[in-house]
Structure formats: structure tokens, C-alpha cells
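# Report on the structure
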Amino acid sequence: MADEALFLLLHNEMVAGLYRAAEQGEGENGRCTTKLESMGFRVGQGLIERFTKDTARFKDELDIMKFICKDFWTTVFKKQIDNLRTNHQYLAFTCGLIRGGLSNLGIKSIVTAEVSSMPACKFQVMIQKM
Amino acid sequence: MLISSRFRTCSWEALCARREGEKESPQSFLNSELFTLTYGALVTQLCKDYENDEDVNKQLDKMGYNIGVRLIEDFLARSNVGRCHDFRETADVIAKIAFKMYLGITPSITNWSPGGDEFSLILENNPLVDFVELPDNHSSLIYSNLLCGVLRGALEMVSQRLLFQ
């Protein structure tokens, strides 16, 4: 059991810390997004392994996407993810999370996020056929 | 452990009641695996970014400090804990209320120094280290150093300057 406030602050600080380090020298800001995304990827891989250990094998891609949207999302965030302070740099981690989850279920994808009106955000998942 | 002041007994009970009430609507609890794995990913990334373990430790402490500075507000707002009268009371609040509230564990308080100005918190089941295996070449990495920073930041905001190891 971990409190939500703790995760929000940790996530905030991860973003802030990475950007602070980038300002002090090495690399440009684009690298930060990549780093956040790859951290999310690792976490997504770990989580999906834990969550799917008792589920039946998925029939097809649609089945997998349903699992990601319903079970995965609600288990991780307990509700629609409406309180991560959304802007692009803060979404990189979550994009990675989805990509990592999908990757371990055998779907190679590109996940991007888009914020048009503030509290809502849209994730676009592009599946790459292998 | 004895809870001595009457005020604190009240607030502790109020807190328990509040937390039990919250269980019915588990809104404020995220999946703890998300938290643990995210922390793991952060430490991994820092190990890649910095060459030696001391720098990673320092960075974790700094990040923890920034978290603590903000976390204390959330803690004071939600826990109804008043000002502590002595250091022992502070230790109790940290172990029994703060840790319980945020990580769901209660560390034990030991090793009080004779002067009463130093103690150890022992975390028997540290949720941060689930799924963690440290490779041999990181022997001086203090994996949970973030917690030291959090405590340092939080207590500095309530005007106690402390040294953590």
C-alpha cells in the first residue's frame, strides 16, 4: 500500500530532477523525455508481468487493448487518470508505461499523448505490425 | 509503545477512523507495485546517469528532500497532529503515523542515545525494496536513501534540523 500523494510527489520530482540535471550540463531537453519514457517502459513491463500471471491467454490485439484500457489502467490508477498534472513532459512516463505493458504482451507500438483541453488527455497507440 | 499525550491519542484514533473509512472507497491508494517499480526505475536511471554510487546517493537524498518539503503539508493537513513537545514524540509520530499513512508500515524505534537526541528507525519490511536485486558492483549504493531525504525535508519545514544516515 502506497499513498497516492507519495506517488504524485515522486513523479513530480523525477521530472523536475531530470530536467534540473539536464540544465546543469549534459544533453538537451529531448533526452529527458526519452529517459522518462524508458523509465515508464520498464515499469510497464514489470507491472504487466505481475497483472497477467493469472489471466487467460489473449485472443487477439483487440483483446489485449481491452485488457490494457480496463484492467491495467484501473488497477494502476484506480480511476481514470485525471490527476496527474498533465502536460507533455509529465506524460512521457505514462506513455512509456503503456508501451512497456504492450511490449510484454507481444505488441510493438508507439504511444504518444496529446493534451487539447487541460484535464483531459488523449493517448494514441499505434501498433506496429511485425 | 506508549502513547502519552492525551491530545495525540485522540488524533491517532481519529486518524484510524479516517483511514478505515477510506478503505471502502480506495480512491487515494494507488497500486503499491506501481510505486515500488517506479522508484526502482528511478534508481536504475540515476545509476546510469551518475558514475559513482555516492553521487546517486546524494541525488536520491536531494530528490527526497524536495518531496519531503511538500509532503509535510499534506501530512499536517490530513493527520491532525499538533506540535511535538520533545524528540521522542517526534520519533513516535514519524514511525507510527507518518510511515503508516504513506507506506503502510510501522518501523521500530531503537538505539536511543543517552542524550535523547539520536535514534534509529528500523524498517522490517521496506516496501521500496520489493523485486529488487542489487548487482555486486553497487556495494556503496544506499538504495532507500530517498527516505532519508524525505524525512530531512519534512522535519526541516517544522523547524528541526537533523542529520540522517
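These numbers come from a predicted model, not from an experiment.

### As for the packing of aromatic side chains
Taken as a whole and assessed by the stated rule, the structure comprises six aromatic pairs over all chains. When the ring of A:Phe58 is compared with that of A:Phe67, the centres are 5.1 Å apart and the planes differ by 55°; the resulting orientation is tilted. Take A:Phe67: its relative accessible area is 8%, and that puts it in the buried class. Judged by centre distance (6.0 Å) and plane angle (85°), the ring pair of B:Phe87 and B:Trp112 falls under edge-to-face. Here B:Phe87 is found in helix α4 (residues 87–103), whereas its partner B:Trp112 is found in the loop between β2 (108–110) and β3 (120–122), with 25 residues between them in sequence. Here B:Phe87 falls in the buried class, since its relative accessible area comes to 17%. Ring pairing ties together the aromatic residues B:Phe87, B:Trp112 and B:Phe119, which thus form one cluster. Directly above the ring of B:Trp112 sits B:Arg88, whose terminal nitrogen or CZ lies 4.3 Å from the centroid.

### A few points about the confidence of the model for chain B
Residue and element names in this part refer to chain B. This prediction gives chain B a mean pLDDT of 75; 78% of its residues lie at or above 70. Taken element by element, the predicted model of chain B shows its lowest mean pLDDT in helix α1 (residues 6–24) (37) and its highest in helix α3 (residues 53–79) (89). A low-confidence stretch, residues 1–29 (pLDDT under 50), is modelled with 36 contacts involving residues beyond four sequence positions or located in other chains. Confidence estimates for the predicted assembly give a pTM of 0.75 and an ipTM of 0.74.

### A look at the pattern of salt bridges
With the rule as written, the count across this model stands at seven salt bridges over all chains. Across the salt bridge formed by A:Arg50 and B:Glu33, the nearest N and O atoms sit 3.2 Å from each other. Within this pair, whereas A:Arg50 is found in helix α2 (residues 29–51), its partner B:Glu33 is found in helix α2 (residues 32–49), the two belonging to separate chains. Residues B:Lys58 and B:Asp55 are paired through a salt bridge, measuring 3.9 Å at the closest nitrogen-oxygen approach.

### Brief notes about the interface of chain A and chain B
Contacts between the two partners involve 32 residues from chain A and, on the opposite side, 36 residues from chain B. For the pair chain A and chain B, the number of links is three residue pairs in polar contact (both at pLDDT 80 or more). The element best represented in the side of chain A that touches chain B is helix α1 (residues 4–23) of chain A, accounting for twelve residues. In the side of chain A that touches chain B, the residues fall into 18 nonpolar, five polar and nine charged.

### Looking at α4(B)
Residues and elements named next belong to chain B. The sharpest bend along α4 reaches about 30° and sits at Ile-94. By the criterion of burial, α4 is predominantly enclosed, with 15 of the 17 residues buried. Where α4 starts, the residue carrying a side-chain oxygen 3.3 Å from the main-chain nitrogen of Arg-88 turns out to be Asp-86. Once α4 ends, the next one or two residues include Gly-104, with phi positive near 70°.

Cut-off values and rules
Residues numbered from 1 in each chain as written. Chains lettered and ligands numbered in written order. Predicted model: local features only at pLDDT ≥ 70, side-chain atom pairs only at ≥ 80, totals over all residues. Heavy atoms only, no water. Phe/Tyr/Trp six-rings, centres within 6.5 Å; stacked < 30°, edge-to-face > 60°. Buried < 20%, exposed > 50% of the residue type's maximum accessible area, 1.4 Å probe, protein only. Helix = DSSP H or I, 4+ residues; strand = E, 2+ residues; numbered from the N terminus. Lys NZ or Arg CZ within 6 Å of the ring centre and 35° of its normal. pLDDT = per-residue confidence, 0-100. Contact = heavy atoms within 4.5 Å. Salt bridge = Lys/Arg side-chain N within 4 Å of Asp/Glu carboxyl O. Polar contact = N/O pair within 3.5 Å; in protein donor to acceptor, adjacent residues only side chain to side chain. Nonpolar A, V, L, I, M, F, W, Y, C, P; charged D, E, K, R; others polar. Bend = angle between axes of the 7 residues up to and from the residue.

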